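Each chain, letter by letter, is given below.
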Amino acid sequence: MTDTSPAHDDRAQQAVTALRAQDIDVVRVVYPDLLGADRARDVLVDHLPAAVRSGLTFCRAVYHTSPQSDVVPMPGGLAAGMPDISVRPDLETLCALPWEPGVAWCLGDALDPATGEAATESPRDLLRGVLGRTAEGPRAVIGPELEYYLCERDASSATGWSPYGRAPGNVYSAGLRGDPDGHLLRTLRHLKGLGIGATAGNREFGSGQFEINLDHSAALDAADRAFRFKSAVKEIARAEGRLATFMARPFNEEGGSGFHLHLSMVDADDRNVFEGRADGDADAHGLSGTARHAIAGVLAHAPALTALLNPTINSYKRFGPDTLAPWLIDWGLDNRSAMVRVPPERGDGTRLELRLGDATANPYLAVAGMVAAVGLGLREKREPPEPLRGYGYQEGTAARLPGTLGAALDALEADADLTEVLGADFTRSFLAYKRNEIERFQQYVTDWEFKEYAALI
């Protein structure tokens, strides 16, 4: 939680001095909404100490607002008179923006001004709470891996956008071949200046699709970095006159974009406890009992996790056979068709990769759900089934993941153990918000419906 002590006032003044020395006169205080989109206010640097001390006031309905600016009826919102939240800058996260001279970024923590406690819907504090409730035992270390599509304006397209650099056959490439305007290099250099642990990037399977890898770190820091990464990529694209979208599947003719989470766990001495020799319970695959329990926890709670890691109606258009997105609740050894993949590295590199998520997912909710499921697996000492062998799209070999957002929300609501770790208030708010999305979609007439029915029926 953000510190508001007198010593923190001194740090705020020190921050102002340091920012002025860098010719920075504006601080952009950014925080995530339920979708994981960035909400923000620009603060003139002279007013930063006051913002730290008293917070920046926003309407709490920021958590209850749809992407189209409709206010969704949720607990604590319209019925409560649309009260305030207070967002206080987290000075530990201050960083100059490489692409916008004179501006620095920092994250903000959302508080209920009546109680001083974290706002119920705050994704960052949801993750903090989950980490606190799973604090006994080893600590999670997470490496986020995200894909996105870069789009260019196209008046001939029904959406107004088409994939950038459209050309087949450029998967796993770099340079001008799949990126004729050098977008990836510019983005990587800006991200380096932002200090969020970006390590490498390449053109992905789809036209205009890129993947950028982030280094691994503690769970909250990893979620912070993934959130800032998504915000940065979208802003850099806007500066180019383009659109970067983390939508699960934005184009019918292209594949989807994933949000994969690489997770290992370390003990008090920072030793990887997934490595087979860590607990004297190594299996034939070089995995410890702790690793197996973690995998089993993710598998057991996968239907509920789907709601957090695949949180839009569009998310379920990414799934299916032959998509390289998971379809079944299974795990495998270095098998990209499995929902949980165990990469081939052992020793300190022993980890599991959850391939369930799509790039739409709010990083804080995705990480919180994964950590909660792993914690339950460790607590219950679950054992996973035998790993998948071969191609993982043979129906009948494992249970199916939920096929719609509605089914995933039902699974989340029914998973009492997982929702207990996540918290009842958050779960109630999240379910209300996402079920309203389904209701709005069901009332909306799509282009597909007109094309399918209008002329012939």
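Let me sum up the structure you'll find in this document. (Residues numbered from 1 in each chain as written. Predicted model: local features only at pLDDT ≥ 70, side-chain atom pairs only at ≥ 80, totals over all residues. Heavy atoms only, no water.)

Remarks on the overall build of the protein
- Of the regular secondary structure elements, the protein holds 12 helices and 16 strands.
- The C-alpha extent of the protein, read off along each of the three principal axes, is 65 × 60 × 50 Å.
- Taken across its 457 residues, the protein has 55% of its residues classed as buried.
- Sequence-distant contacts, at least 24 apart, represent 70% of the contacts inside the protein between residues at least 6 apart.
- Accessible surface for the protein amounts to roughly 19,800 Å². Of this, 51% is attributable to carbon and sulfur atoms.
- Positive and negative side-chain charges in the protein, numbering 46 and 64 respectively, have mean positions lying 2 Å apart. (Helix = DSSP H or I, 4+ residues; strand = E, 2+ residues; numbered from the N terminus. Buried < 20%, exposed > 50% of the residue type's maximum accessible area, 1.4 Å probe, protein only. Contact = heavy atoms within 4.5 Å. Areas by Shrake-Rupley, 256 points an atom, 1.4 Å probe, with all protein chains shown as cover. Lys, Arg positive; Asp, Glu negative; His and termini not counted. Charge placed at Lys NZ, Arg CZ, Asp CG, Glu CD.)

Considering the layout of surface pockets
- One number sums up the size of the largest pocket: a volume of about 2,300 Å³.
- When residues of the lining of the largest pocket are traced back to their parent elements, those giving at least two are β2 (38-44), β8 (161-163), α5 (219-239), β12 (243-245), α11 (424-442) and α12 (447-453).
- Per-class residue counts for the lining of the largest pocket are 19 nonpolar, 11 polar and 16 charged.
- Reported here for the second largest pocket is a volume of approximately 900 Å³.
- Elements that contribute at least two residues to the lining of the second largest pocket include exactly β7 (139-153), β9 (198-203), β10 (209-214) and β13 (259-266).
- When residues of the lining of the second largest pocket are assigned to their parent elements, the largest contribution, 5 residues, is made by β7.
- A class-by-class count of the residues in the lining of the second largest pocket yields 9 nonpolar, 17 polar and 16 charged. (1 Å grid on protein atoms, 1.4 Å probe; cavity = no way out; pocket = protein on both sides within 12 Å on 5 of 7 lines; lining within 4 Å. Points joined across faces, edges and corners; volume = space filled by probe spheres on them. Nonpolar A, V, L, I, M, F, W, Y, C, P; charged D, E, K, R; others polar.)

Points about the nonpolar core
- Ranked by internal contacts, the top residues of the largest apolar core, which has 95 residues, are F229, L263, M339, V340, L412, L418 and L422.
- For this core, the element with the highest residue contribution is helix α8 (residues 363-380), accounting for 12 residues.
- In contact with L422, not counting residues within four places along its chain, are L126, V130, R133, L308, A368, G369, L412 and T427.
- The next biggest cluster of nonpolar side chains, apart from the first, holds 24 residues, and it includes V29, Y31, V52 and A104. (Core = buried A, V, L, I, M, F, W, Y, C linked by side-chain atoms within 4.5 Å.)

Let's talk about a nonpolar patch on the surface
- On the surface, V171, Y172, F205 and L324 cluster together into a nonpolar patch covering about 400 Å² of accessible area.
- Relative to the elements of secondary structure, Y172 occurs in the loop between β8 and α4 (183-194).
- Its relative accessible area of 57% is what places Y172 among the exposed residues. (Patch = residues over 30% accessible without salt bridge, like charges linked within 9 Å, V, L, I, M, F, W, Y side chains within 5 Å. Salt bridge = Lys/Arg side-chain N within 4 Å of Asp/Glu carboxyl O.)

Things to note about the packing of helix α7 (residues 302-309) against helix α9 (residues 405-414)
- Viewed as axis vectors pointing N to C, α7 and α9 meet at an angle of 120°, and their least axial separation amounts to 7 Å. Our classification of the angle between α7 and α9 gives oblique. For the pair α7 and α9, the sense of crossing is left-handed. Along its contact with α7, which presents P303, A304, T306, A307 and L308, the element α9 presents A408, L409, A411 and L412.
- In terms of residue class, the contact of α7 with α9 is built from 8 nonpolar, 1 polar and no charged. (Axes fitted to C-alpha atoms, helices over the stretch in contact; angles between N-to-C directions. Parallel < 35°, antiparallel > 145°, perpendicular 65-115°, else oblique. Left-handed = near helix turned anticlockwise from the far one by under 90°.)

As for the packing of aromatic side chains
- On inspection of all chains with the given rule, the structure shows 14 aromatic pairs.
- When the ring of Y148 is compared with that of F246, the centres are 5.4 Å apart and the planes differ by 40°; the resulting orientation is tilted. Of this pair, Y148 sits in strand β7 while F246 sits in the loop between β12 and β13; the two residues are 98 residues apart in sequence, bridging distant segments of the chain.
- On the basis of relative accessible area, Y148 is assigned to the buried category, the value being 0%.
- Take F246: its relative accessible area is 6%, and that puts it in the buried class.
- Look at Y172 and F205: their rings are 5.9 Å apart centre to centre, the planes differ by 70°, and that puts the pair in the edge-to-face class. Remark: F205 occurs in the loop between β9 and β10 and Y172 occurs in the loop between β8 and α4; sequence separation between them is 33 residues. (Phe/Tyr/Trp six-rings, centres within 6.5 Å; stacked < 30°, edge-to-face > 60°.)

Digging into the pattern of salt bridges
- Considering all chains together, one arrives at 34 salt bridges under this definition.
- Note that E383 is salt-bridged to R292, the shortest N-O span being 2.9 Å. Taken as a pair, E383 in the loop between α8 and α9 and R292 in helix α6 (residues 289-300) lie far apart in primary sequence, 91 residues in all.
- Look at the salt bridges and you will find they share partners, linking D90, D109, R124, D125, R128 and D224 into a network.

Description of α5
- In this model α5 runs 30 Å from its N-terminal to its C-terminal C-alpha over 21 residues, within 8% of the 30 Å that 1.5 Å per residue would give.
- Counting buried residues in α5 gives 16 out of 21 residues, a clear majority hidden from the surface.
- Directly beyond the C-terminal end of α5, a positive phi value near 75° is found at G241. (Expected span 1.5 Å × (residues − 1).)

What to know about the packing of helix α3 (residues 123-133) against α8
- Between α3 and α8, the least distance of the axes is 8 Å, while the angle of their chain directions is 15°. Relative to α8, the element α3 is oriented roughly parallel. As for the relative orientation of α3 and α8, their crossing is left-handed in sense. Residues P123, R124, L126, L127, V130 and L131 of α3 form the contact with α8, whose own contacting residues are Y364, L365, V367, A368, V371 and A372.
- Residue classes in the contact of α3 with α8 are distributed as 11 nonpolar, no polar and 1 charged.

Here we look at the side chain of N314
- Following the sequence through the fold, N314 ends up in the loop between α7 and β14 (331-333).
- N314 gets classed as buried once you look at its relative accessible area, which sits at 15%.
- At 3.4 Å, the side chain of N314 forms a polar contact with the backbone nitrogen of A248.
- Among residues more than four places away in sequence, those in contact with N314 are M247, A248 and R249. (Polar contact = N/O pair within 3.5 Å; in protein donor to acceptor, adjacent residues only side chain to side chain.)

Things to note about α7
- Most of α7 sits out of view: 7 of its 8 residues are buried.
- Along α7, the residues classified as buried are A302, A304, L305, T306, A307, L308 and L309.

Remarks on empty space enclosed by the protein
- One pass over the structure, following the stated rule, counts 2 cavities of 30 Å³ or more.
- Its boundaries defined by the atoms lining it, the largest cavity holds a volume of some 70 Å³.
- If you trace the largest cavity, you find it lined by L34, L35, L308, P311, T312, T360, A361, N362, L365, F430, Y433 and K434.
- Of all the elements, α11 adds the most residues to the lining of the largest cavity, at 3 residues.

All we've got here are geometric facts, nothing functional implied.
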